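Tertiary structure, described
Residues per chain are reported as follows:
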Amino acid sequence: MTDPRQMDHLVELLRQEIFRPIGAPLALEFRRGALPRPLGSLPGGAWTPVTQETIWGEPGGRFLFRARLEVPPQAAGRRLGLRIGAQFGRVMGRSDPQLLILVDGAPFTGGDFNHTEFLLTEAAEPGRAYDILVEAGTIEDRRQLGFSLQPVIHDLLAEETCFDLKSPLDVARHLPPEDARRTRIHQIASRALKAIDLRPGTPARRAASLEAARKIAAEIYAVDPHAPEVVATGHTHIDVAWLWRVAETRTKMERSIATALRLMAEFPDYKFMYNQGYLLDALSQDAPQLFDGLKAAQARGQFEIEGALWLEPDANLIGGEALIRQIQRGVAYHQQNFGVRPRILWLPDTFGYSAALPQIMAQSGVEVFVTHKLSWNDTNAMPDETFFWQGLDGTQVPAYFLTTQPADAKVINTTYCPDLRPSHVMGTWRRYSQKGTGDKLFMVYGHGDGGGGPTREMLHHLRRMERGIPGCPRVTHGTMGGFFTDLVERMNAAPQDWPTWTGELYLEFHRGTYTSVAEIKLANRRAEASLRRLEFMAVMAGHWPEEIAQMWDILLLAQFHDILPGSSIGAVYADSRADFARFAALEAAALATLTERLTQGETPSLLVANPMGQPDTAPLRLAGDQPMAINTPSQLCHRADGSAMTLLPAPSRPALSVTTLTPKPAPHATGGLHVTPETLSNPHLTARFDQGRLVSLYSHRLGREMLSAPANRLQAFRDLPREFDAWEIDADYEDQAWEIEAPEVTVAETGPHRAALRMVWRYEASTITQVVSLEADGDVLEFDTFIDWQDRNTLLKAAFPLAIQATESIAEIQFGHVRRPSHRNTSWERARFESHMHRFVAMAEPGAGLAILNDGKYGHDAEGCTLRLTLLRAPTWPWDGADIGEHRFRYGLFPFADLAEVPPKAEAFDAPALVLPARGEVAMTLATPSHDGIGIAAVTRGGEGITLRLYERQGRAQDWTLDTKAEAALTDLMGETLTALLEGPVRLHFRPFEIKTLVLK
């Protein structure tokens, strides 16, 4: 008998013998509801007996089941457990329902599609009673019929024998037919199976046959010293939100950790890693018993916390300072709660990786970057899996791509949550393209997203591969930290032996995430700006409001890689909307406190903070109709959404200052600027329109036309991706395109401080309103936009053909900008048909260029000499309703002579000064920068003083001076001092795009 199919069948029959029913299913009762958190006593309420006809389950539902198990006499001394009977579903890798099982009032294990049996005791005592309580969570819109808990006897000998054969047979399945190792495995397995006697006779005869089979199967195993090695670590990837809400994720964490701890108790060699501090912190609050269990497992060497980040954020759209805070908080959590200094940036599932990351990592003491996501590229395979990644400023860090996939995979895609079998270990080695650089690889395994992580089957497979199976890489059950410590040492010892990848790690997939769910992206941008301003004001006031920490909690959570990108269900964004409403309330309270501390007196005034590294000369923008004057009377303006805005010329506010201005009552000024439906003009720019279309933008300073064809063309495209609706924009989206018809145009404002046209565009069921304006002394043509969007599966772009000879676009990212080809010469460039930016994207030739500034958009494309902003899309899965409704945002056109002009202009455009009513006067300047070539990303409190996060933003080496009397020192991003104290004024030299952290004592 060497037919593989027959042997697989017999092994499967043996597998079914591992857990055998004993007695009848338990008598169960159930009720709707959830357990209290932290886990404690059961709340009161009526219970209903469970029958085969009991119907339960609903989206976001919670149900409780309880029963009592009394150990029957026939189970005496035997391994006794329970089998869960439910109509488990498995959608995209997640289980429904998911269970938390408590035994005698304490959390005991989880239950799900992948974990349907669990061991209660290794030696049952007759008459011993166990109180079983099950909390079941349901996610899908489907109903459950019945529920059961069946006592079972665990036959450990049958389990050991089963996997002694199952593991090598899986290896043989993936070896060529002519391979002698395959033949030998089949021959030995056949002999072992013939020795097994499963007839219902005496237990002794059955056990003896299984022992005989194990002895025969042992002939297969031998460690090949020349075989490659794969270090394997158990893990469960849990999305903080996605197709479920954050509240559901917290319970997923409980269930998954309960399962992991139960398996650790049964398998002492099992090592498990988890990384997200946010969910570990939630666990400590919701289920402190499980959190304590993890700490005990860490002390035993079975649990590893590693990953450096607070949670797994998006890495493209998140701001630079927020990215640093994600690492700072993650590192602090590791150290404070587990005594571990993380060294790995673990981001397996994020949708592309910014070129700013290597420098941030290096300055945070994080040594190596690990992902697998680039294997999802839809066009080009990455050339290497182990390499040095060179970032924006030239910093290099080791990087590693996981290569795990089934051995028979026909695609390049890899995984970070495999159902571990020999096939995945063999596939890990086969997929690795750099076999000449070494023979030791790393993998994680275990079901994610509430699937409970590793299973007992995986652990049995792993034990067999540790023993050595011919034809399969040998496996070591080790730690992620240990593997990467060794790898980093090898790479740093011989860097010339490893390739280098320079620049961003662009994912050729999920390009729609730069745009989907515009409301969360705008909320993120505004929150980042608010916290920057608030922290600066707190430093100036010498008072740190408690609200700031709560605001950071909200923002860091919203930056999770399925929230900020717009790829979650609608309920997630309802929660996020409520979170940002709370953020606004916290901000208002903090601002009130700081305003009172900064200004004390009776004279009504306006408080203005300028946290930027350059003076703020723009007119003030006040919400509503507030006629007044400082030196010049204000002007009443209107936003595109119809709301009133007061434009008030004011004296320049110095860099890093808090200033009060004293207005006086005065009527608004009117008129004074020449404006027609065809023209907006001032000494800097002339914009000409033809039936609402921008047909010319002439820069008087540059003496040239900036457009090559009509611009601000609003274009709609069919947006029906083949898969992953919210994530994707397909390469053929331009196959169906519609130019939105010319708008209705009226003169909206005639000065004296701003002239404006109001344009109303109509497309199908949607309305687009723009106020296009030019300030009297402004050099930016602004498009204030209000959209009532009602058209699903439609992509909206604004196109700007430029009279610029360029072959690349220039897009701001964290702490600098990147240049990307705007041609389509190679497959790499053709695949980058949609990209991301932060506050600007530009094109330039020597001496002239044009930048498009924005206050909340990220997606765009650049082809030839045309730039297009991606304004909106309305995907229908996983949220049918995404982007439907009202949207408010601004963008502007800024002609420039030197790219160095753009970053400060974009910074000011993104976050106009916040004007606060106050009483009293203040004029405080923290310090005076010598020029605006160095950006100031944050002014915050440090361990021993005031921390300034500085970065070179022009892409050129330069010197910079901060005029201050304070002593100062340079630190890394973690606040660890790098230099001796410097006496003011502080003179610093910056490399292109270099980040420096300066602490004023």
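Since we're looking at a predicted model, the values are computed, not measured.

1. A look at the overall build of the protein chain
From N to C terminus, the protein chain includes 17 helices and 58 strands. The C-alpha atoms of the protein chain give a radius of gyration of 32 Å, which matches the 30 Å a tight globule of 1001 residues would have. Dimensions of the protein chain, computed from C-alpha atoms along their principal axes, come out at roughly 105 × 65 × 65 Å. The burial tally for the protein chain puts 62% of its 1001 residues in the buried class. When contacts within the protein chain are restricted to residue pairs at least 6 apart in sequence, long-range pairs at least 24 apart make up 75% of them. For the protein chain, the accessible surface area stands at approximately 35,200 Å², while carbon and sulfur atoms represent 51% of it. One way to put it: in the protein chain the 101 positive side-chain charges average out to a point 4 Å from where the 124 negative ones average out.

2. Comments concerning the UniProt feature "domain: Glycoside hydrolase family 38 central" (unreviewed entry) in the protein chain
On the UniProt side, "domain: Glycoside hydrolase family 38 central" (unreviewed entry) is annotated at positions that read residues 508-580 here. Regarding residues 508-580, the helix share stands at 64% and the strand share at 0%, and the terminal C-alpha atoms are separated by 31 Å.

3. Section: the side chain of Thr997
Mapped onto the secondary structure, Thr997 falls in strand β58 (residues 995-1000). Taking the relative accessible area as the measure of exposure, Thr997 reaches 2% and is therefore buried. Here the side chain of Thr997 touches Arg949 through a polar contact of 3.0 Å, side chain to side chain. Apart from the residues lying within four places of it in its own chain, the contact partners of Thr997 are Thr947, Leu948, Arg949, Ala969, Leu970, Thr971, Asp972 and Leu973.

4. A word on the environment of His561
Here His561 is to be found in the loop between α14 (547-558) and α15 (570-598). Placed 304 residues apart in sequence, His561 and Ile257 show a C-alpha to C-alpha distance of 22 Å. Apart from the residues lying within four places of it in its own chain, the contact partners of His561 are His237, Asp239, Glu312, Pro313, Asp314, Asp349, Thr350, Phe351 and Ser567. Engagement of the side chain of His561 in a polar contact is seen with the backbone oxygen of Glu312, the distance being 2.8 Å. At a separation of 3.0 Å, a polar atom in the side chain of His561 contacts the side chain of Asp349.

5. Observations concerning helix α11 (residues 456-467)
Side chains three or four residues apart in an α-helix point the same way, a direct result of the helix having 3.6 residues per turn. Here α11 contains 12 residues, and its C-alpha end-to-end distance of 17 Å stays within 8% of the 16 Å for a straight helix at 1.5 Å per residue. By the burial criterion, the buried members of α11 are Arg456, Met458, Leu459, His460, His461, Leu462, Arg464 and Met465. Phi for Gly468, located one or two positions after α11, is positive at around 100 degrees.

6. Focus on the sheet that holds strand β27 (residues 635-638)
Taken in spatial order, the three strands line up as β26-β28-β27 in an open sheet, and their pairing is antiparallel. Two strands lie at the open edges of the sheet, namely β26 (620-623) and β27, each paired on one side alone. Neighbour-to-neighbour, the strand axes of the sheet open up by a mean angle of 35 degrees, direction not taken into account. Here four bridges tie β26 to strand β28 (residues 644-648), and the two strands are oriented antiparallel to one another. Bridge pairing links Leu622 to Thr646 in β28.

7. As for unusual backbone geometry
Following Asp96, the chain continues to Pro97 via a peptide bond in cis, the omega torsion being 0 degrees. Within the secondary structure, Pro97 is located in the loop between β8 (94-96) and β9 (98-103). In the segment running from Gly751 into Pro752, the intervening peptide bond is cis, with an omega of 15 degrees. Looking at the element boundaries, Pro752 is found in the loop between β37 (744-750) and β38 (754-763).

8. A short note on the packing of aromatic side chains
Taken as a whole and assessed by the stated rule, the structure comprises 41 aromatic pairs. When the centroid spacing of 5.1 Å and the interplanar angle of 80 degrees are considered together, the rings of Phe387 and Phe401 count as edge-to-face. Of this pair, Phe387 sits in strand β20 (residues 386-390) while Phe401 sits in strand β21 (residues 396-401); the two residues are 14 residues apart in sequence, bridging distant segments of the chain. For the pair formed by Phe387 and Phe401, the shared burial category is buried. Connected via pairs of aromatic rings, a cluster forms that spans Tyr270, Phe272, Tyr278, Phe291, Phe303, Trp310, Tyr333 and Phe338. Geometry around Trp47 places Arg31 over its ring, the cationic atom sitting 5.7 Å from the centre. The side chain of Lys996 reaches across the aromatic face of Phe990, ending 5.5 Å from its centre.

9. Let's talk about the packing of helix α13 (residues 518-541) against α15
Packing of α13 against α15 brings their axes to within 10 Å, and their N-to-C directions diverge by 20 degrees. If you check the angle between α13 and α15, you find them roughly parallel. Classified by chirality, the crossing of α15 by α13 is left-handed.

10. Let's talk about the pattern of salt bridges
This model, assessed by the stated rule, comprises 80 salt bridges. Here the salt bridges share partners, and the residues they tie into one network are Glu160, Asp164, Arg214, Arg464 and Arg467.

11. What about a nonpolar patch on the surface?
A contiguous nonpolar surface patch, about 260 Å² in accessible area, is contributed by Val91, Met92 and Trp877. You can see Met92 is positioned in the loop between β7 (89-91) and β8. Look at Met92 and you get partly exposed, because its relative accessible area is 42%.

12. Re the environment of Asn682
Mapping Asn682 onto the fold places it in the loop between β31 (679-681) and β32 (685-690). Sequence separation between Asn682 and Asn854 is 172 residues, and the spatial gap between their C-alpha atoms is 22 Å. Residue contacts for Asn682: discarding those within four places in its chain leaves His700, Leu774, Glu775, Ala776, Asp777 and Gly778. Only 2.8 Å separates the side chain of Asn682 from the backbone nitrogen of Leu685, close enough to count as a polar contact. Separated by 2.8 Å, the side chain of Asn682 and the backbone oxygen of Glu775 make a polar contact.

13. What to know about the pairing of β27
Residue alternation in β27 divides its side chains into a buried set, Gln635 and Cys637, and an unburied set, Leu636 and His638. Where β27 and β28 come together, four bridges link them in antiparallel fashion. Across the sheet, His638 pairs through a bridge with Ala644, a residue of β28. A loop of five residues connects β27 with β28, the two strands running antiparallel in sequence, and Gly642 in this loop sits at a positive phi of about 95 degrees.

14. Quick look at the sheet that holds β32
Strands sit in the order β30-β31-β32-β33-β34 across an open sheet of five strands; the sheet is antiparallel. One side of each edge strand has no neighbouring strand; the edge strands of this open sheet are β30 (675-676) and β34 (704-705). Bridge count for strand β33 (residues 693-699) against β34 is two bridges, and the pairing is antiparallel. Within β34, the position partnered with Tyr698 by the bridge is Glu705.

15. Quick look at the packing of α13 against α14
Relative to each other, α13 and α14 sit at 155 degrees, their axes nearing to 10 Å. As the angle between them shows, α13 and α14 are arranged roughly antiparallel. For the crossing formed where α13 meets α14, the hand is left-handed. Of the residues in α14, those touching α13 at Ile520, Asn524, Ala527, Glu528, Leu531, Leu534, Glu535 and Ala538 are Ile548, Met551, Trp552, Leu555 and Ala558.

16. Thoughts on helix α7 (residues 288-300)
Helix length check: α7 (13 residues) gives 18 Å between terminal C-alpha atoms against 18 Å at 1.5 Å per residue, within 8%. For α7, every residue scored as buried is listed here: Leu290, Phe291, Gly293, Leu294 and Ala297. Taken end-on, α7 shows its buried residues confined to a sector of 155 degrees, consistent with a single buried face. Next to the buried residues of α7 lie β10 (106-111), α5 (246-266), α6 (277-286), β17 (303-305) and α8 (320-338). At the C-terminal side of α7, Gly301 shows a positive phi close to 90 degrees.

17. A few points about the environment of Phe65
Take Phe65: it is sitting in strand β5 (residues 61-70). When the C-alpha positions of Phe65 and Arg888 are compared, they lie 48 Å apart, and in sequence the two are 823 residues distant. Those residues in contact with Phe65 that sit more than four places away from it in its chain are Leu28, Glu29, Phe30, Trp47, Val50, Trp56, Ile132, Leu133, Val134, Ala136 and Phe147.

18. Looking at the state of the cysteines
By the definition in use, this model includes zero disulfides. Among the cysteines around Cys472, which has no disulfide bond, Cys162 carries the closest sulfur, lying 17 Å off.

Cut-off values and rules
Residues numbered from 1 in each chain as written. Predicted model: local features only at pLDDT ≥ 70, side-chain atom pairs only at ≥ 80, totals over all residues. Heavy atoms only, no water. Helix = DSSP H or I, 4+ residues; strand = E, 2+ residues; numbered from the N terminus. Rg over C-alpha atoms; globule rule 2.2 N^0.38 Å. Buried < 20%, exposed > 50% of the residue type's maximum accessible area, 1.4 Å probe, protein only. Contact = heavy atoms within 4.5 Å. Areas by Shrake-Rupley, 256 points an atom, 1.4 Å probe, with all protein chains shown as cover. Lys, Arg positive; Asp, Glu negative; His and termini not counted. Charge placed at Lys NZ, Arg CZ, Asp CG, Glu CD. UniProt positions renumbered as here; feature names shortened; annotations may be inferred. Polar contact = N/O pair within 3.5 Å; in protein donor to acceptor, adjacent residues only side chain to side chain. Expected span 1.5 Å × (residues − 1). Pairing = 2+ DSSP bridges. Axes fitted to C-alpha atoms, helices over the stretch in contact; angles between N-to-C directions. Phe/Tyr/Trp six-rings, centres within 6.5 Å; stacked < 30°, edge-to-face > 60°. Lys NZ or Arg CZ within 6 Å of the ring centre and 35° of its normal. Parallel < 35°, antiparallel > 145°, perpendicular 65-115°, else oblique. Left-handed = near helix turned anticlockwise from the far one by under 90°. Salt bridge = Lys/Arg side-chain N within 4 Å of Asp/Glu carboxyl O. Patch = residues over 30% accessible without salt bridge, like charges linked within 9 Å, V, L, I, M, F, W, Y side chains within 5 Å. Arc of directions from axis to C-beta. Disulfide = S-S within 2.5 Å.

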